[in-house]
Amino acid sequence: MDNKPLILTIAVLGGTGKEGKGLAYRWAKAGYRVLIGSRSSEKAVIAASEILELLEAAGSVVGMDNLEATTQADIVVLTVPYSAHRATLESVKDALKGKLLIDVTVPLVPPKVSKVQMPLAGSAAQEAREIIGEGVEVVAAFQNISHEHLLEDGDVECDVLVTGTSKDARHEALKLVEAAGLVGWDAGPIENSVVVEGLTSVLININKQYGSTHSGIRITGVSKNS
Ligand SMILES: NC(=O)c1ccc[n+]([C@@H]2O[C@H](COP(=O)([O-])OP(=O)(O)OC[C@H]3O[C@@H](n4cnc5c(N)ncnc54)[C@H](OP(=O)(O)O)[C@@H]3O)[C@@H](O)[C@H]2O)c1
């Protein structure tokens, strides 16, 4: 992570979708250079222009295909459905080497998305690590943050639990959590991502039973200064 340029470039693969677009908007607003990745560069260009419109052109957002976005980025954020997780990672695997991957994927298996169904690797983030191999730090984050209020500027009533392959990697990801206007916590090693990813199905269950679309979690009993 040393010798990085002052303005980091973040690629959001699947940034044409609901969660990725919301995060991209918040990072562009915070001053990062953001690349929207897609299987279709045309689709990515349209999504980038939609975000720029929301920002009234005060930001840097460019659309391109997933591989080009990964190649140009310092940090790569993966926001695709679990069914596309492996194929997307395979398509950018070589370009990821030496970079930080932040995996937002929740291993939901439709139609039973309110039931926890974890992959054999333990979690989607651990599976990502298996797919891409050595030389890439992997962090799991944002799985519990509903896309719903990300394209607005208000507070989001849900904390972000950050797990990952090293403390440095988690630290880098926590900076992006803060830049997105969210509250983040270092939640330990990547093995702990099983709990965080699984929690999303619990929240979906709560949403269904109590008529919400964006239930969340808060860490209590600890202060950021302690
Ligand atoms: N939505 C939420 O509130 C939320 C909250 C927390 C976590 N998540 C997780 O974040 C990830 C993205 O969620 P989302 O709601 O943003 O998904 P989405 O809008 O359905 O899809 C995101 C993008 O993924 C790509 N994609 C879709 N199907 C694909 C396929 N079969 N093969 C390859 N790429 C495909 C598409 O990009 P291109 O067509 O441009 O390639 C699409 O725009 C998921 O793993 C989800 O569980 C979502």
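Refer to the structure presented above.
Each value, and the rule that gives it
The residue numbering used here restarts from 1 in each chain and proceeds along that chain's sequence as written. Totals for whole chains, interfaces and linings use all residues, but because this is a predicted model, local features are given only for residues with pLDDT of at least 70 and pairs of side-chain atoms are given and counted only at 80 or more. Heavy atoms throughout the structure, all of them, feed into the side-chain values; hydrogens and water do not. In this text, near means that some heavy atom of the residue lies within 4 Å of the molecule or strand in question. Counted as a polar contact is a pair of N or O atoms within 3.5 Å, where, for protein atoms, one must be capable of donating a hydrogen and the other of accepting one, and residues adjacent in sequence contribute only when both atoms are in side chains. Note on areas: these come from Shrake-Rupley sampling with a 1.4 Å probe, and a residue is covered only by the protein chains present in the view. Three residue categories are used. Nonpolar comprises Ala, Val, Leu, Ile, Met, Phe, Trp, Tyr, Cys and Pro, charged comprises Asp, Glu, Lys and Arg, and polar comprises the others, including Gly. Two strands are said to pair when DSSP picks up at least two bridges between them. Working definition: helices are DSSP H or I runs of at least four residues, strands are E runs of at least two. Numbering for both runs from the N terminus. Axes here refer to lines fitted to C-alpha atoms; in helices the fit is confined to the stretch in contact. Angles between the N-to-C directions go from 0 to 180 degrees. Contact between two residues is taken to exist if any of their heavy atoms lie within 4.5 Å; hydrogens are not considered. Note: crossing handedness is left-handed where the near helix turns anticlockwise from the far helix by less than a right angle, and right-handed where it turns clockwise. Residue count minus one, scaled by 1.5 Å, sets the expected span of a helix. Exposure classes here rest on a 1.4 Å probe applied to the protein chains alone. A residue is buried below 20% of its type maximum, exposed above 50%, and partly exposed in between. Note: the arc covers the axis-to-C-beta directions of the helix.

1. Quick look at the site of the ligand
Next up, step 1: Among the 20 residues in the neighbourhood of the ligand, the closest are listed as Thr16, Ser38, Arg39, Lys43 and Val80.
Next up, step 2: Within the side chain of lysine 43, one N or O atom sits 2.5 Å away from an oxygen atom of the ligand.
Next up, step 3: Contact distances for the ligand include 2.7 Å between an oxygen atom and a backbone N or O atom of valine 80.
Next up, step 4: Burial of the ligand by the protein amounts to 78% of the accessible area it has alone, namely 890 Å².
Next up, step 5: A breakdown of the residues in the shell around the ligand according to their chemical character gives seven nonpolar, nine polar and four charged.

2. Some remarks on the sheet that holds strand β8 (residues 184-189)
Next up, step 1: Strand order in the open sheet formed by eight strands is β3-β2-β1-β4-β5-β6-β7-β8, with mixed pairing between adjacent strands. The open sheet has two edge strands, β3 (60-65) and β8, and neither has a second partner. If you compare each strand with its neighbour and ignore which way they point, the axes differ by 25° on average.
Next up, step 2: Pairing of strand β6 (residues 137-140) with strand β7 (residues 160-164), which is carried by two bridges, proceeds in the antiparallel orientation. Considered in β7, the bridge of valine 139 is made with glycine 164.
Next up, step 3: Its contacts with the sheet place helix α4 (residues 85-92) against β1 (9-13), β4 (75-78) and β5 (100-103), and it is angled at close to 160° to β4.
Next up, step 4: Where helix α5 (residues 124-132) meets the sheet, it contacts β5 and β6, and its direction lies at approximately 145° from that of β5.

3. Some details on the environment of alanine 179
Next up, step 1: Relative to the assigned elements, alanine 179 resides in helix α6 (residues 167-179).
Next up, step 2: Separated by 152 residues in the primary sequence, alanine 179 and tryptophan 27 have C-alpha atoms spaced 6.3 Å apart.
Next up, step 3: For alanine 179, the contacting residues outside a window of four places in its chain are Arg26, Trp27, Ala30 and Tyr32.

4. Describing the packing of α4 against α5
For any two helices packed against each other, one specifies the crossing angle of their axes together with the interaxial distance.
Next up, step 1: Where α4 contacts α5, the axes come no closer than 10 Å and their chain directions differ by 35°. Considering only the axes of α4 and α5, their crossing is right-handed. Contact residues: α4 offers His85, Arg86, Leu89 and Glu90, while α5 offers Ala124, Glu127, Ala128, Ile131 and Ile132.
Next up, step 2: Split by residue class, the contact of α4 with α5 holds five nonpolar, one polar and three charged.

5. Thoughts on helix α2 (residues 41-54)
Next up, step 1: Relative to the 20 Å expected for 14 residues at 1.5 Å per residue, α2 spans 20 Å between its end C-alpha atoms, a close match to the ideal helical length.
Next up, step 2: Three or more residues of α2 are buried, namely Ala44, Ala47, Ala48 and Ile51. Projected down its long axis, α2 shows its buried positions confined to an angular sector of 100°, all on one face. Turned more than 90 degrees away from the buried face of α2, the exposed residues are Glu42 and Glu53.
Next up, step 3: Directly after α2, the chain includes glutamate 56, whose backbone phi takes a positive value near 50°.

Read these as spatial facts, not as claims about activity.
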